[in-house]
Amino acid sequence: MAKERLDKVLSHLGVGSRSEVRRMARAGRVRVDGQVVRDPSCKLDPERVRIEVDEAPLVYRRYFHLLLNKPAGCITSTREREGVPVTALLPPPWQRPDWMPVGRLDKDAEGLLLLTTHGELAHRLTHPRWKVSKRYYVELEAPATLEDVQAFASGRLLLDGKPLKPAELRLGPDPRRVELVLLEGRFHQVKRMFAARGNRVLYLRRISFGPLELPADLSPGMARALEPQELEALYRTVGLSCTG
Ligand code: URA
């Protein structure tokens, strides 16, 4: 990988802000391959050198990914002026400016939201070409019907004048509590699909995104890192090789 400034590498790894890590380097707290490096602008290849801060070795990672259970009331966007962003829920070690939420969830919706710093991964996961499936648990004002199942499966339902890809509506014992599987992610899609059928969504939770399932033990507002096998499956879904 190309060489990068020491202060950039350290702040990327979450050691501190750029100004904090510059102070740490100048104070002699940073070693590269065993040598104290005081110049924060020193260039190095972080995948080829051993970096220590206060004698603790750092493990280099190019990208970061988190699985969050978004609670109702906060917004998927990372821009504060539109409401409380989901990234504000993360504990200090996971605070960083480059999180990208993958696939929007409405303010009143809950459930699985992937956060990543890998732009190409985020792009592919949301691009219609890759047909990444998203499964939602939905509570409805009126019972869903077999006609809804057929209408959603037909691929003939229009939103904004354009046909939707066939979607799978799963009716359970209570037809007011259903699951819907989509292969695309249009604006307010679930709510607008049911509105097009004369119904109304009262509650919405995303329970899977591609190969990722919302963990039963992850409460709303909590996040966790992806397991290596989840990460590999996610990259494979969109034709990328897993880089960690
Ligand atoms: N469809 C919606 O209507 N809202 C969401 O948040 C996600 C899918």
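What counts, and at which threshold
Residues numbered from 1 in each chain as written. Predicted model: local features only at pLDDT ≥ 70, side-chain atom pairs only at ≥ 80, totals over all residues. Heavy atoms only, no water. Core = buried A, V, L, I, M, F, W, Y, C linked by side-chain atoms within 4.5 Å. Buried < 20%, exposed > 50% of the residue type's maximum accessible area, 1.4 Å probe, protein only. Contact = heavy atoms within 4.5 Å. Salt bridge = Lys/Arg side-chain N within 4 Å of Asp/Glu carboxyl O. Helix = DSSP H or I, 4+ residues; strand = E, 2+ residues; numbered from the N terminus. Near = heavy atom within 4 Å. Polar contact = N/O pair within 3.5 Å; in protein donor to acceptor, adjacent residues only side chain to side chain. Areas by Shrake-Rupley, 256 points an atom, 1.4 Å probe, with all protein chains shown as cover. 1 Å grid on protein atoms, 1.4 Å probe; cavity = no way out; pocket = protein on both sides within 12 Å on 5 of 7 lines; lining within 4 Å. Sits in = over half its atoms within 2 Å of the grid points. Pairing = 2+ DSSP bridges. Points joined across faces, edges and corners; volume = space filled by probe spheres on them. Nonpolar A, V, L, I, M, F, W, Y, C, P; charged D, E, K, R; others polar. Domains from an automatic or database assignment.

Account for the nonpolar core, naming residues and giving values.
The biggest cluster of nonpolar side chains holds 44 residues, and the ones touching the most others in it are Val138, Leu180, Val190 and Phe194. Apart from residues no more than four positions distant in its own chain, phenylalanine 194 is found in contact with Val138, Leu140, Phe152, Leu169, Val178, Leu180, Asn199 and Val201. By size, the runner-up hydrophobic cluster in this structure holds 19 residues, among which are Tyr63, Leu67, Leu212 and Leu234.

Which residues make up the pattern of salt bridges, and what are the values?
According to the stated counting rule, one finds 21 salt bridges in the structure shown. A salt bridge links arginine 135 to glutamate 179, with the shortest nitrogen-to-oxygen separation between them at 3.2 Å. Separated by 44 residues along the polypeptide, arginine 135 in strand β10 (residues 134-140) and glutamate 179 in strand β14 (residues 177-182) bring together distant segments of the chain. Given the relative accessible area of 23%, glutamate 179 is considered partly exposed. Its salt-bridge partner being glutamate 230, residue arginine 224 comes within 2.9 Å of it at the nearest N-O pair. Given a relative accessible area of 21%, arginine 224 falls into the partly exposed group.

How would you sum up the site of the ligand? Please name residues and give values.
In the neighbourhood of the ligand, the contacting residues comprise Leu105, Asp106, Ala109, Tyr136, His188, Gln189, Val190, Lys191 and Leu204. Backbone polar atom of valine 190 to a nitrogen atom of the ligand: 3.0 Å apart, as the coordinates give it. Backbone polar atom of lysine 191 to an oxygen atom of the ligand: 3.0 Å apart, as the coordinates give it. Protein chains bury 96% of the 240 Å² of accessible surface belonging to the ligand in isolation. According to the grid-proximity analysis, the pocket containing the ligand is the largest pocket. Here the shell around the ligand gets three residues from one element, more than from any other, and that element is helix α5 (residues 189-196).

Summarise the pairing of β10; cite the residues concerned and give the values.
Counting buried positions along β10 yields six of seven residues, so the element is predominantly enclosed. As judged from the seven bridges shared by β10 and strand β15 (residues 201-209), these two strands associate in the antiparallel manner. Paired with tyrosine 137 across the two strands is arginine 205, which belongs to β15.

Mind laying out the layout of surface pockets, listing which residues take part and the relevant values?
Each pocket or cavity is described by its volume, and for the largest pocket that value is around 430 Å³. Lining the largest pocket are 25 residues, and of these Arg104, Tyr136, Gly185, Arg186 and Phe187 lie nearest its centre. When residues of the lining of the largest pocket are traced back to their parent elements, those giving at least two are α3 (119-126), β10, α5 and β15. By residue number, the principal contributor to the lining of the largest pocket is β15, which donates three residues. Each residue belonging to the lining of the largest pocket can be placed in one class, and the counts come to 12 nonpolar, six polar and seven charged. Looking at the lining of the largest pocket, you find at least three residues from each of domain 2 (65-128 + 211-237) and domain 3 (133-209). For the second largest pocket, the calculated volume is near 160 Å³. What lines the second largest pocket is simply Met1, Glu4, Lys8, Ser11, His12, Arg18, Tyr60 and Arg62. Classifying every residue of the lining of the second largest pocket by side-chain character gives two nonpolar, two polar and four charged.

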